[in-house]
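Tertiary structure, described
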Amino acid sequence: MEPKGKIRNRPETMAERLGYAADARVLIINADDFGMCHDQNEGVIRGLTDGLFTSSTILVTCPWFEEAADFARTNPAADLGVHLTLTAEWDRYKWGPVLGRRAVPSLVDERGYLWQTVAQVYEHARLDEAEAELRAQIEKALAAGIDATHLDSHMGTLQLRADYHEIYVRLANEYRVPIRLVSRRLMREEGMGAILDQLDASGIVTPNHLVFNGPPSVGETESYWTNLIRTLQPGVTEILCHPALARDELKSCAHDAFQREADLRYFTSEKARRVIADEGVALVGFRKLRDLMRGNSARA
């Protein structure tokens, strides 16, 4: 007879590798876009300190980066990663590359801002300049005193095409940090099986599942997230959202400002705490995955 919680004939989940039972549901709730603006920063900080958010990733390229870096220095236990970015998506709020427009000219438009869309990045950017900029973003975060626990990709740019995904994996391997990953099945269907093999051979750790689509409307926020938590699959799932305060600053640039605030309200609510407790879901941050990854490296 197999031990309780053992599930036959399937790969070991990340939850099991972290020491949980085979049928355990483990959840990372990540706050993207830390550093984008002050309203975003206040929402992220509230979510990390008073809410259920277990990690966040920082936009190193943005004007309010220093506020996020100051939080990291004064809260060394905070689970913070680098939100690698090659895009500046808003119409009236822009940012450029860490290296400057002259060092990486293929990454910027005629005004010196990062391209607005992922399609424009793929059309114009040189891979060597993209990799240099992304490495510079990580180095800027480390130099600011941020103990980066993981990497992910703003707007998914590094996850949607094989040559960019290779850069993503290379940086994760170089800095020995886990990464956000889309469906392995989808990656193989898109011809990126070799990248998965490279990722596994390098010992790069990732969650099993990713939730990147949020509620269809502000009014459906509570029902959407509650149902999603109740139907989590075994293994480690990452939920990403963008908690923020919908004040004049955020409303002036982000079309989804009210949804960002609604997500913040939900994940700082007693309702959400009760649902997670009732479902027996365990909350973790990326630091536990990084410790596993680096521990495996040391043993190897």
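We now turn to the structure provided with this report. From a predicted model like this one, the values you see are computed outputs, not experimental measurements.

1. Points about the overall build of the chain
For the chain, the helix and strand inventory stands at 13 helices and seven strands. In terms of overall dimensions, the chain is globule-like: its C-alpha atoms have a radius of gyration of 19 Å, near the 19 Å expected for 300 residues. Taking the principal axes of the C-alpha coordinates as reference, the chain spans close to 65 × 45 × 35 Å. Residue burial in the chain is summarised as follows: out of 300 residues, 56% are buried. Within the chain, counting contacts between residues at least 6 apart in sequence, those at least 24 apart form 74% of the total.

2. A short note on the nonpolar core
Core analysis: the largest hydrophobic core is formed by 98 residues, its most contacted members being Met36, Leu80, Leu84 and Leu151. The element best represented in this core is helix α6 (residues 162-175), accounting for seven residues. When neighbours within four sequence positions are excluded, leucine 80 is seen to be in contact with Phe34, Leu48, Ser56, Ile58, Phe71, Ala72, Ile146, Asp147, Ala148, Thr149 and His150.

3. Concerning the environment of phenylalanine 286
Secondary-structure assignment places phenylalanine 286 in helix α13 (residues 286-299). Sequence-wise, phenylalanine 286 and alanine 88 are 198 residues apart; in three dimensions their C-alpha atoms are separated by 25 Å. Phenylalanine 286 has contacts with Ile28, Asn30, Ser55, Asp79, Thr149, His150, Pro178, Ile179, Pro207 and Glu238, leaving out every residue within four places of it along the chain.

4. Structural notes on helix α11 (residues 257-267)
With eight of 11 residues buried, α11 is to be regarded as a mostly interior element. Along α11, the residues that are buried comprise Ala257, Gln259, Arg260, Ala262, Asp263, Leu264, Tyr266 and Phe267.

5. Topic: the environment of isoleucine 195
Relative to the elements of secondary structure, isoleucine 195 occurs in helix α8 (residues 193-201). Judged by relative accessible area, which is 4%, isoleucine 195 ranks as buried. If near-sequence neighbours (up to four positions away) are discounted, isoleucine 195 is found in contact with Ala162, His165, Glu166, Val169 and Met187.

The rules behind each value
Residues numbered from 1 in each chain as written. Predicted model: local features only at pLDDT ≥ 70, side-chain atom pairs only at ≥ 80, totals over all residues. Heavy atoms only, no water. Helix = DSSP H or I, 4+ residues; strand = E, 2+ residues; numbered from the N terminus. Rg over C-alpha atoms; globule rule 2.2 N^0.38 Å. Buried < 20%, exposed > 50% of the residue type's maximum accessible area, 1.4 Å probe, protein only. Contact = heavy atoms within 4.5 Å. Core = buried A, V, L, I, M, F, W, Y, C linked by side-chain atoms within 4.5 Å.

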